[in-house]
Each structure stands twice: as C-alpha cells, then as structure tokens.
Amino acid sequence: MKTGLQIYNTLSGKMEEFQPLQSPQVGMYVCGPTVYNEVHIGNVRTFINFDLIYRYLLFLGYKVRYVRNITDVGHLLGDAADGEDRISKQSRLEAIEPMELVQKYTNNFHDVLQKFNLLPPSIEPTATAHILEQIEWTQALIDAGYAYVSNGSVYFDVMKYLEKFPYGELSGRKIEDLKDVTRSLDGVSDKTNQQDFALWKKAEPEHLMQWNSPWGKGFPGWHLECSVMSSKYLGEQFDIHGGGMDLKFPHHECEIAQSKGLHHQDPVKYWMHANMLTLNGRKMSKSDGNFFTPLQLIEGTSPLFAKPYAAEVLRFFVLQAHYRSTLDITEAALNAAEAGYKRLMEGVKSISTITTSAETNFNLSELLKGCYEAMNDDFHAPKLVAQLFEIINHVHKIHRGDLTISSEDQAQLQKEVNHWISDVLGLFESSQQNTTLIDGLMDMILQQRKLAKDNKDWATSDQIRIALEKLGVTVKDTKDGTTYSIS
Ligand code: AMP
Ligand code: ZN
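Remember, it's a predicted structure, so these values are computed and weren't measured experimentally.

A. Expanded view of the packing of helix α11 (residues 331–349) against helix α13 (residues 381–400). Two elements in contact, α11 and α13, have axes separated by 9 Å at closest approach and are oriented at 50°. Overall, the two elements α11 and α13 adopt an arrangement that is oblique. Considering only the axes of α11 and α13, their crossing is left-handed. Within the contact between the two elements, α11 uses G340, R343, L344, G347 and V348 and α13 uses L388, F389, I392 and V395. Classifying every residue of the contact of α11 with α13 gives six nonpolar, two polar and one charged.

B. View of the environment of A140. Secondary-structure assignment places A140 in helix α4 (residues 131–143). Owing to a relative accessible area of 26%, A140 belongs among the partly exposed residues under this scheme. Considering only alpha carbons, one finds A140 and R68, 72 residues apart in sequence, at a separation of 25 Å.

C. Spotlight on the domain arrangement of the protein. Along its sequence, the protein is carved into domain 1 (6–274), domain 2 (278–428) and domain 3 (432–486). If you average the C-alpha positions of domain 2 and of domain 3, the two centres end up 36 Å apart.

D. Here's a closer look at the sheet that holds strand β3 (residues 25–30). Across the sheet, which stays open at both edges, the four strands sit in the order β4-β3-β11-β12 with parallel pairing between neighbours. Strands with a single pairing partner mark the edges of an open sheet, and in this sheet they are β4 (63–68) and β12 (268–274). Put simply, the sheet's adjacent strands are angled 20° from each other on average, direction ignored. Helix α1 (residues 41–59) contacts β3, β4, β11 (238–244) and β12 of the sheet and is inclined by roughly 175° relative to β3. Against the sheet, helix α7 (residues 222–234) contacts β3, β4 and β11, and its axis sits at roughly 160° relative to β3.

E. Expanded view of the coordination of the zinc ion (ligand 2). Protein coordination of the zinc ion (ligand 2) is provided by C31 (SG), C226 (SG) and H251 (NE2), with donor distances spanning 2.0 to 2.2 Å. Sequence spacing of the donor residues for the zinc ion (ligand 2), all on one chain, is C-x194-C-x24-H. With C31 in the loop between β3 and α1 and H251 in helix α8 (residues 248–263), this pair connects stretches of sequence that are 220 residues apart. By relative accessible area, which is 1% here, H251 ends up buried.

Thresholds, definitions, all that
Residues numbered from 1 in each chain as written. Chains lettered and ligands numbered in written order. Predicted model: local features only at pLDDT ≥ 70, side-chain atom pairs only at ≥ 80, totals over all residues. Heavy atoms only, no water. Axes fitted to C-alpha atoms, helices over the stretch in contact; angles between N-to-C directions. Helix = DSSP H or I, 4+ residues; strand = E, 2+ residues; numbered from the N terminus. Parallel < 35°, antiparallel > 145°, perpendicular 65-115°, else oblique. Left-handed = near helix turned anticlockwise from the far one by under 90°. Contact = heavy atoms within 4.5 Å. Nonpolar A, V, L, I, M, F, W, Y, C, P; charged D, E, K, R; others polar. Buried < 20%, exposed > 50% of the residue type's maximum accessible area, 1.4 Å probe, protein only. Domains from an automatic or database assignment. Pairing = 2+ DSSP bridges. Donors = N, O, S within 2.8 Å, 3.2 Å for Na, K, Ca; no water.

Following this line, the structure appears as structure tokens:
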C-alpha cells in the first residue's frame, strides 16, 4: 500500500516515508493520562492531535489498532522516602477508594474526549489490570542481567545496558546529564547509580495500592506499564508510539531500554511527539497552577476568557497548529478560531446550494489533491485547513458566477470536503446551534416567569422553576436579573 505519507520520526530526527511493518495493518500506541484528576486543555490538545493521526490513517485505508492506556497506578511524587503515588494521595484527599478515584477520573476523561469528538481507541488497557505481566517483565529483566533487586525494589541497570546498547537516543541526552534528572523519580539510596530507574517499588505498609511480588509487596514503576501493554497488544515491534514531547525523557527513553533489554530490538518504528499547549508562553501544567480545564472553557467560567467557546471551536483551534509546534492559548486566538470555524462551516454548507453548469472550468482534482498533500506532510492539519479555505474561495466564486462546476463535480466536491471535515479533522457542529436555540427558549421561559412574578402569580412562577429543575436547569435570581445553568 503506497500512500505517500511522510512522518517526522523523533528517533531519527527526520521525515520518513511511512511504511508499516505489516501493511495494511498499523499498530499505534499513545500514552494515556494518569487518572488522578481532571485533564486540562493541554492534555486534550495532545489527544486531539493523535486522534487526527488515527483518523487520517483510517482514512487512507490502514487497519489501525490504536492502543491508549490509562495510568491508574505508579506515579511517584518526590523521592521514594516520602514519595507517594499521586492516586493514593488524591484518594486520601477526596476520602474515596483509589479505584473509585480512578473510575471517577476515567469517566471524566471519556466525557471530555467525547465532547471534542475523539474516536475511542481500539484497546484502552489499564496498568492495574497488567500487574502480573509487569512482574514477569521485571523478573525477565533481572534474569537478562539488566535489573537488580535492592531493598524490596527492582531497578533497571542503565550502566549494564550501556555496555550493549546506546541510551538517550530518543531524547539526545548524554548519560552524564541524566544523573540529576532521574533523581526525583525514585529513591536514590537504594540504587546503584542515580540514572537507574525503578521497575518495581517496595510499598510501605500505609501505601494504598500494592501487590504481592517475588520481591515483597510493592507496585510497578510507571515506564514499565507502557512497554508491557504496548508489546502485549501490538507485538514486540510495532509502528507508531506517541505522546507529548515532555514524555520523551525519561518515560519513552526508559521504555526503549526496557524493551531492547528484553527483546534486543527497537520496539517502535516511528516515534511521534506532540508539542505543548502554552498559556502566557509557559507550558500548561496542573502542578504549576497554569491551566484551564476543558469545561471551564466550554462553560465560560475560566477567569481569563470573557465568554464560553464551543468544543468544536476549541478542536478547530487545536487543529490550526501543526502538532509539532507549540500553541499559545489566548483570547484573541480563540476568537479568531471561532470566526474561522464559522466561515469554514458556512462555506462547506454553501456547496450544497451551488447552481451547476454544463462543465467545470477550473482544475478540481488539483484542488482536492492539495488536501492529501497537506496531510501527507506529517499530518499537517493547518495546511489542510488552508486548502479547505482555498476550496471555499472557489465555491464563493462559483456562487458569484466567476467559475462554473458540473453537477457531477459538485457531488464529488461535496463528498470529499465532507470526508475531510468530518472523518479526518473530526469537526462537527453541535452545541453552537443548540446553545443558540436553548438560549432563545430560555429567554422566552424566563420572561413568562417574570411576567407571572410581576403579577404576583407565585404558583405559576414556582411551577416554571420546578419544571426547569426537573430538567436539570437551575434558575437563579440576582439583583442584576435572572440567570440559569444547566447541569
Ligand atoms: P499526563 O497525565 O501528565 O501523563 O499527561 C497526559 C498527556 O498530556 C501526555 O501525553 C502529556 O505529554 C500531555 N501533556 C501534558 N501537558 C501538556 C501540555 N501543556 N500541552 C500538550 N500536551 C500536554
Ligand atoms: Zn507511556
């Protein structure tokens, strides 16, 4: 299968022609979220970008198995001595079971992604459901001489690995530079060398999430779950591994080391890394307090933006930047995306009202080819959007009578543009129209309620309020007027 798709491979640092290991089958693994709190809009950007990549591969006719994991155990905060699993910590704060917390934020993650029209992955494995496999891998790495047991924990021996394989290929880091960076992940004291990383961590008795292992009670290291689950579902070698840029090191570097140590071959053919969403020029991040949740933006409750933005506008905003570029979220940029989105969708709709002629007097196939060229250039969504606007320009010219199109070509144009808009970009129109409609209806209803109140007809005004409450609409009377919110 020859598609002309070029992918920028982080491992080689070059654009490469995409040739799957077993075309037309494609295996793609993307690191999923750690489900201990709500995802922010930066996280969502990365998942939208991989959704675009998944959609385009499907569009080209590949049979894609897309695996995106859920990290429901294993992140440590700080050094091991006082380190605590983020999930344990948050479940203590919320006074619920760790698995209850994990379920809550997994549900939230799914709800959010659904709002942004992401396709669900083919498999969504969780770390806690693969403890046995992680123990087996740890044992196998010990047996292969690449890991050692220390005080109930097991560490990967980077120096030993370096005797046979290079380390730092993906991130370009040198071993001397690694010593300090790895420090915060694991306890330093139990390790032979600072750059070693944990495959298995000993759990203190009060640690909420722990499992039996040949080395005592403990829990797996974060990097291990992705090696284990990707190879289980996609094989020892697979096509695409993705994640945010910030995961290149140490996470993905450690994944490569674990897999190569065990299977003596590169686990992944194409490594892909999505760039960060920034806010005020800084990486959006929960721990810095520099973030917005998607719901804050959709509901218009974020302190920085004066109004709400529909999920489809936010998706369009994300797709207007190439996945390898940074993207800064500002009010001006969101407003521009909103206007651009409206213009694009109106243009697309106007294809159906074209008056056709006997023949087409412009090069339609060249115009449509431009869409493939854009996406074949390392999934360049902004170029695709620009090409779609170019198509819309032609549509306007047809409407003005400056160009002509045959009915056959019009049908083809309509069909292809719909594919690019809905199947590839995953753009949609939902809430925008609904919001306008709901706003209009609510204005009418609240006016009737006000009329009843003005007439001291309390029975009717109460009836309206109670009926709305039953529908999940809460009405609030303030000194500035009446507002409503929908739960
Ligand atoms: P985490 O749950 O922190 O592992 O993050 C889930 C995914 O979101 C990872 O692929 C991260 O690389 C990605 N991510 C985190 N922060 C940002 C950001 N500011 N912009 C884009 N992606 C991000
Ligand atoms: Zn991962």
